[in-house]
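A closer look at the structure
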Amino acid sequence: MRAQPRATVFAVVGSVLWASATVGTAWAIGWVTDTVIEPAVTAGSVAAGGLWLIFGVLVAILAVNVVGVILRRVFATVAGFNLQAGYRRGVTRQYLRLPLSWHHAHPSGQLLSNAHADVEATWQVFNPLPMAIGVIVMLIIAGTMMVFLDPVLAFIGLLVFPGLFLANVIFQRFMSPRITRAQQLRAEVAEVAHESFEAGLIVKSMGREDEETERFRTRTYALRDSLIRVGRTRGTFEPVIEAIPTLGTLAVLGVGTWQVARGELTAAQVVQMAYLFSILAFPVRALGWVLAEIPRSVVGYDRVQRVLRAEGSMEYGERTLPPGEGPASAALHDVVYRHEGEDHPTIHGVSLEVEAGSTTALVGPTGSGKTTLANLALRLVDAEAGSVLIDGVDARRLAHGQIPAVATLVAQQTFMFDDTVRGNVTLGEEATDQSIWDALRIAQADPFVRALPAGLDAVIGERGGTLSGGQRQRIALARAIWRHPRLLVLDDATSAVDPSVEQAILAGLREAREGMTVLVVAYRMATILLADQVVYIEQGRVVDRGTHAELIGRCTGYANLVQAYAREAAERAAVAATEEETS
Amino acid sequence: MSGVEESEEVGASSRIEQQSALGTMATLRRGFELSPEIRVGLGLTIALAVVATVGRVIIPFVVQQTTDNGILAEGGPDVAFVARAIGIAAGVVVVTSLAQYAVNVRLFTAAESGLATLRMKAFRHIHDLSVLTQSTERRGALVSRVTSDVDTISMFVQFGGLMLLISAAQIFLATVLMVVYSPILALVVYLCFVPLVFLVRRFQPMLGRAYGAVRARVGDMLGAISESIVGATTIRAYGVEERTAERIDASIEEHRASAIRAQIRSVIAFVSGQAFAGFTTAVVLVVGTVLATRGQITLGELLAFLFLVNLFTQPVLMATEILNEMQNAVAGWRRVIGVIDTPADVSDPGDDGVVQQRGPITVRFDGVSYAYPGGDLVLRDVDLTIPPHTKVAVVGETGSGKTTLAKLLTRLMDPAGGRVLLDGVELRRIAFRSLRERVVLVPQEGFLFDADLADNIRFGKPTATDDDIALAITELGLDAWIEGLPHGLATQVGQRGESLSAGERQLVAIVRAYLADPDLLVLDEATSAVDPATEVRVQRALDGLTRGRTSVAIAHRLSTAEAADVVVVVDRGEIVEVGAHRELVGAGGVYSRMHDSWSAQQAG
């Protein structure tokens with residue numbers, strides 16, 4: 001509200017106008033009846049001026065009413081949606097700021113729900129809020145009038161308010177846990193849906209639609225039951241809130257009659273008091289609706305705040321890397337890394353020197369920690385102990401944006417933005433078509449991009465549309481190459497392309513890698529042979545390092561790994577030969 | 001099993017409808033049809049609502065009687081009468097409250113049950129859509145179809161529908177009373193309201209479009225936000241947080257603008273209702289005064305008539321408000337119906353489907369061709385027969401059509417021309433439950449759920465015990481890998497399995513498929529990210545264990561081809577060579593060239 005002061009003020013002013021006009025209409029009808037209509041009826045004729053007066057007074061009050069409603073509703077809407085938009089920006093900024101470890105711990109569906117349903121719930125209360133303020137103004141006016149009429153009667157009548165307050169306290173107490181549960185389940189429904197749709201291919205190819213539907217059903221039915229419980233609580237509260245003022249009116253009438261009988265009050269005073277109460281019936285009902293929304297807003301607010309207050313962002317330093325075109329070096333010193341919540345580190349004190357301009361191959365069995373090392377080198381994750389240096393500067397002391405400006409990663413699993421080929425390569429930066437085509441050519445992506453109906457402007461879509469895994473990988477590669485990074489980290493980035501294409505890509509890279517340091521996670525001989533240095537890793541530890549020729553001679557694990565295909569082929573050939581001999 | 005009918009053109013896959021093109025009434029009809037629970041017990045609910053409404057009208061009446069005939073009674077207040085009247089009023093309040101409570105609970109129950117069913121139907125249908133159709137929409141937007149779009153409907157279904165009925169009844173009642181009191185004034189009221197009816201009619205479609213736009217913007221917004229979550233690694237690696245933020249902000253801004261636009265339209269609709277109500281009161285007073293001076297109506301009757309006008313305008317205002325809300329609900333409904341009514345282009349033949357015996361399997365491609373929607377043919381006239389117990393390797397350059405072949409073989413897509421047959425039966429005619437039991441695809445990127453490893457493996461066979469899983473892992477020679485994980489099979493894999501490496505995720509997918517034990521196993525680059533030693537080990541284990549079953553492996557590492565019984569070489573959408581590795585390697589064709597390049601890589 002403080003964020004939208006002007007709109008809020010306008011909305012409240014509108015609401016007060018509306019409230020006054022509502023009370024004013026009842027007054028105006030009474031007034032024209034007394035001053036115009038009754039004399040006219042008695043006289044048996046009416047002047048045109050009298051009719052205009054009736055019409056004019058009522059239309060004037062109507063105009064105030066309409067202006068009030070417009071102000072109230074329009075500005076409440078504007079303020080409400082502005083606040084929602086502001087909160088959404090805040091929440092999504094957190095999604096972009098928080099580290100990957102945080103993302104791994106939070107289901108995508110839940111985060112979507114936080115950004116949408118919870119933000120919406122937080123500000124849902126805003127739409128009727130100015131109206132509620134108008135109602136309160138009305139209540140104050142009416143209350144003051146009552147006290148002036150008769151303090152004793154007013155006291156009885158105003159007992160209604162503690163009654164309403166008490167009912168509301170009880171309601172909030174019952175409602176809060178139920179709403180909390182409902183919003184949580186809402187998020188879980190989104191979570192299952194998001195995960196399940198993402199798993200669409202697997203679900204289909206394994207014929208698990210029924211099981212997935214069952215999984216969704218469990219959450220959906222839990223949400224349904226929870227919302228019904230919310231409804232039951234709300235359904236109890238609303239009639240109570242509505243009944244309390246009516247019962248108050250009746251009490252005023254009863255006590256009032258008794259007082260009139262005792263001669264302490266005039267009948268007219270009691271009637272006026274009862275009338276004041278009756279015009280408040282609808283507004284108080286509306287107030288009940290606002291009160292009923294509060295628990296949901298509070299819960300939504302809490303859930304949103306949890307994201308906004310999430311800690312553990314990466315701290316950046318101030319240092320910048322010296323400008324330059326040449327290759328950048330990278331080094332890891334005694335780096336230890338542990339996944340969040342795990343007892344055992346996955347990387348145990350690894351040291352690695354990647355000299356500027358050199359190519360280093362990281363080789364190791366599946367699950368040995370190569371990807372983690374690649375991520376550490378680019379500070380996508382922070383080490384628990386040890387240090388990571390880029391061009392000799394501790395990565396943690398570098399300013400935000402410094403590392404991406406120098407170093408680029410091509411991840412194992414490609415991610416395509418819902419954008420064109422061009423957008424996916426340049427990521428929004430200015431670029432000539434020629435530079436994009438050059439990058440695509442080195443990545444061997446130009447033939448199929450050229451074949452796309454819209455070429456560079458073909459929309460790829462979030463899931464890569466009709467592109468094959470290998471084609472997506474090549475676009476991701478082009479994305480990296482286009483940036484001419486000084487340090488390029490390839491994490492098994494050609495796993496989905498066939499050998500001849502891979503050869504061509506490597507040849508292209510060899511030319512382009514002038515001025516580039518390359519750290520490559522690789523299994524295949526062709527890639528490894530490009531490297532000046534090979535580092536062999538097992539279980540998060542460096543087992544050996546040296547040239548390929550050195551390692552193949554002295555490191556059994558390494559030799560077994562890289563020669564697996566050749567050995568397999570040889571064995572097969574031997575078996576075939578034996579078969580031929582025996583036949 | 002003649003299977004001679006010519007396959008119709010289905011290459012053009014359908015897109016998910018942004019929203020259904022149904023009109024308002026048709027949308028409501030279809031909406032209620034999809035959520036039958038909403039109508040369950042509606043009769044009683046309406047009866048209770050009538051009780052509550054009547055109660056709400058009676059209370060002010062009783063209060064008025066109390067003042068008129070009790071407090072203001074001639075000769076001083078009639079205490080006994082007042083006491084009696086208050087007693088009656090209190091009783092009515094209690095009955096009204098109870099009825100209202102019952103109505104609320106019944107409505108909430110019916111509405112939420114109905115909407116849960118709607119969510120279920122939409123969710124299930126999204127899974128029934130072909131992979132290609134699914135991929136025409138972003139995940140975030142797809143999620144909005146089963147979450148926020150449905151939420152939008154709930155307000156209307158909970159209160160709106162019923163209030164609309166009650167308002168209509170109240171309008172009718174008020175009209176009858178007005179005509180009885182003064183036909184002329186009743187006519188005046190109706191004349192005043194005619195323009196409102198036209199205005200509302202004109203406004204409804206505009207509002208509908210505005211709310212429709214809001215729903216679409218919500219989908220876009222969730223799509224954009226989802227990108228920042230799923231693509232977190234890429235965004236950080238490339239330092240494109242700012243650009244992503246801009247894209248998200250643009251979608252948030254569009255949503256905000258569209259929501260305000262829609263709301264302002266609804267304010268205009270509501271305010272015009274209110275303006276007409278006030279205007280009518282003014283006109284009735286003026287005309288009424290004239291009538292009263294001519295003695296055609298008494299002053300008391302005129303004032304009573306004003307009360308009736310109020311009784312009439314209140315439900316009219318309520319109705320315009322609900323009609324607004326209804327357009328909002330209809331917009332949500334259209335999106336949900338849009339997805340439910342998107343034809344499932346690769347559909348289960350259902351109960352008519354052929355259920356096949358398990359056992360050795362023969363695959364035949366008969367003149368199969370395929371084109372992606374709006375694209376050129378990617379497969380042309382493919383004829384291929386794979387006899388039982390055969391290990392087939394499909395090789396070819398990226399984009400040559402290998403994956404398309406795998407997708408056609410597993411019926412993730414239907415061919416544009418020709419037929420794919422399993423044991424002589426066309427794939428389209430085989431019941432899904434039979435097909436998915438016999439044929440399993442292991443894709444390159446095996447998706448993992450946020451659960452532990454055992455649960456992820458069990459996805460292949462929900463009935464598998466821990467022992468079954470352990471045995472499968474041993475048989476595939478993956479014990480050492482599992483033991484190396486911090487918590488073995490109980491290791492949590494994280495969102496999308498991101499705590500594991502891509503190679504490990506592929507291993508999980510293999511164990512999963514192995515446990516599913518199909519007759520035909522289709523591996524689409526299923527070990528591309530696995531290290532060579534492990535790959536060879538798994539490959540051997542699979543070979544040993546897949547005897548008796550048919551396997552089709554799509555691979556670019558030719559080690560797979562070397563070990564296969566038959567190598568199928570695909571080039572530019574056509575099968576150019578078929579034969580054993582030993583025959584093809586020296587044949588001087590595409591395969592021998594590919595193999596040379598592969599061998600050159602292996603020499604080290």
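Counting from 1, residues in each chain are numbered in the order their sequence is written. Following the order in which they are written, the chains are lettered starting with A and the ligands numbered starting with 1. Only residues with pLDDT of 70 or above have their local features reported here, since the model is predicted, and side-chain atom pairs are shown and tallied only from 80 upward, although totals for entire chains, interfaces and linings are computed over all residues. Processing note: side-chain calculations cover all non-hydrogen atoms of the structure and skip hydrogens and water entirely.

Some thoughts on the overall build of chain A
For the record, the criterion: Numbering of helices and strands runs from the N terminus, with a helix taken as a DSSP run of H or I at least four residues long and a strand as a DSSP run of E at least two residues long. What the globule rule says is 2.2 Å times the number of residues to the power 0.38, and the radius of gyration is computed from C-alpha atoms. The classification of residues rests on relative accessible area computed with a 1.4 Å probe and restricted to protein chains. Under 20% of the type maximum is buried, over 50% is exposed, and intermediate values are partly exposed. It only takes one pair of heavy atoms within 4.5 Å for two residues to be counted as in contact. Residue-level accessible areas treat just the shown protein chains as cover; the underlying method is Shrake-Rupley with a 1.4 Å probe.
Secondary structure summary: chain A contains 22 helices and 10 strands in total. A compact globule built from 583 residues would reach a C-alpha radius of gyration of about 25 Å, whereas chain A, at 37 Å, exceeds it by more than 25%. For the C-alpha atoms alone, the extent of chain A along its principal axes is close to 130 × 55 × 50 Å. Counting every position in chain A, which comprises 583 residues, the buried fraction comes to 57%. Considering only contacts within chain A whose residues lie at least 6 apart along the sequence, 76% involve residues at least 24 apart. When the accessible area of chain A is evaluated, it comes to approximately 23100 Å², of which 59% is carbon and sulfur surface.

Thoughts on unusual backbone geometry
Look at histidine 484 of chain A: it is not a glycine, yet its phi comes out positive at around 45°. If you trace the backbone, histidine 484 of chain A turns up in the loop between helix H17 (469–482) and strand S7 (487–491). You can call histidine 484 of chain A exposed: its relative accessible area is 65%. Phi is positive for aspartate 423 of chain B, close to 45°, though the residue is something other than glycine.

Overview of the environment of arginine 202 of chain B
You can see arginine 202 of chain B is positioned in helix H7 (residues 183–230). A C-alpha to C-alpha distance of 21 Å links arginine 202 of chain B and glutamine 314 of chain B, two positions 112 residues apart in sequence.

Focus on the pattern of salt bridges
Residues and elements named next belong to chain A. The test is simple: A side-chain nitrogen of Lys or Arg and a carboxyl oxygen of Asp or Glu constitute a salt bridge if their distance falls within 4 Å.
Evaluated as defined, the whole model comprises 55 salt bridges over all chains. Here arginine 486 makes a salt bridge to aspartate 391, at a shortest N to O gap of 3.1 Å. Within this pair, whereas arginine 486 is found in the loop between H17 and S7, its partner aspartate 391 is found in the loop between strand S4 (385–390) and strand S5 (393–394), the two being separated by 95 residues in sequence. The exposure class of arginine 486 is buried, given its relative accessible area of 12%.

Considerations on the pairing of strand S8 (residues 550–554) of chain B
All names here are of chain B. We apply this condition: By this definition, two strands are paired if DSSP reports at least two bridges between them.
When you tally the buried positions in S8, you get 5 out of 5 residues, the bulk of the element. Neither face of S8 is exposed, since Thr550, Val552 and Ile554 on one face and Ser551 and Ala553 on the opposite face are all buried. Where strand S3 (residues 391–395) and S8 come together, 4 bridges link them in parallel fashion. Among the inter-strand pairings, valine 394 is bridged to a residue of S8, identified as isoleucine 554. Where strand S7 (residues 520–524) meets S8, 5 bridges bridge the pair, whose relative direction is parallel. Bridge pairing in S8 places aspartate 524 opposite isoleucine 554.

Overview of the domain arrangement of chain B
Residues and elements named next belong to chain B. We apply this condition: All the domain ranges listed were derived from an automatic or database domain assignment. Summed over both partners, buried area is the accessible surface (1.4 Å probe) that two parts give up on being assembled.
Split by domain assignment, chain B resolves into domain 1 (24–340) and domain 2 (363–602). Centre-to-centre separation of domain 1 and domain 2, based on C-alpha positions: 55 Å. In this complex, domain 1 contributes 5 residues to the contact, which on the side of domain 2 involves 6 residues. Of the roughly 410 Å² buried where domain 1 meets domain 2, counting both sides, 68% is carbon and sulfur surface. Three residues stand out in domain 1 for area buried against domain 2, namely Val131, Leu132 and Val230, and they jointly supply 81% of the buried area on that side.

Some words on the domain arrangement of chain A
Each assigned domain of chain A is listed with its residue range as follows: domain 1 (151–310) and domain 2 (357–383 + 394–574). Computed from C-alpha coordinates alone, the two centres of domain 1 of chain A and domain 2 of chain A are separated by 56 Å.

Overview of the confidence of the model for chain B
Cut-off, in case you're wondering: For every residue, the pLDDT score states the predictor's confidence, bounded by 0 at the bottom and 100 at the top.
Looking at chain B, pLDDT values average 87 and 97% of them are 70 or higher. Across residues 1–13 of chain B, confidence stays below pLDDT 50; counting only partners more than four residues off in sequence or on other chains, it has 28 contacts.

Concerning the packing of helix H15 (residues 433–442) of chain A against H17 of chain A
Residue and element names in this part refer to chain A. Rule in force here: In this description, a line fitted to the C-alpha atoms serves as the axis of each element, helices being fitted only across the stretch in contact, and the angle between N-to-C directions of two axes falls anywhere from 0 to 180 degrees. Roughly parallel here means an angle under 35 degrees, roughly antiparallel means over 145, roughly perpendicular means 65 to 115, and every remaining angle is called oblique. Here is the rule for handedness: rotate from the far helix to the near one, and if that takes an anticlockwise turn smaller than a right angle the crossing is left-handed, while a clockwise turn gives right-handed. Under the convention adopted here, Pro, Cys and the residues Ala, Val, Leu, Ile, Met, Phe, Trp and Tyr are nonpolar, Asp, Glu, Lys and Arg are charged, and Gly plus all remaining residues are polar.
In contact at an axis separation of 8 Å, H15 and H17 are set at 125° when each is read in the N-to-C sense. Between H15 and H17, the crossing angle belongs to the class labelled oblique. Relative to H17, H15 is oriented so that their crossing is right-handed. Of the residues in H17, those in contact with Ser435, Ile436, Ala439, Leu440 and Ile442 of H15 are Ala478, Ile481 and Trp482. Looking at the contact of H15 with H17, its residues break down into 7 nonpolar, 1 polar and no charged.

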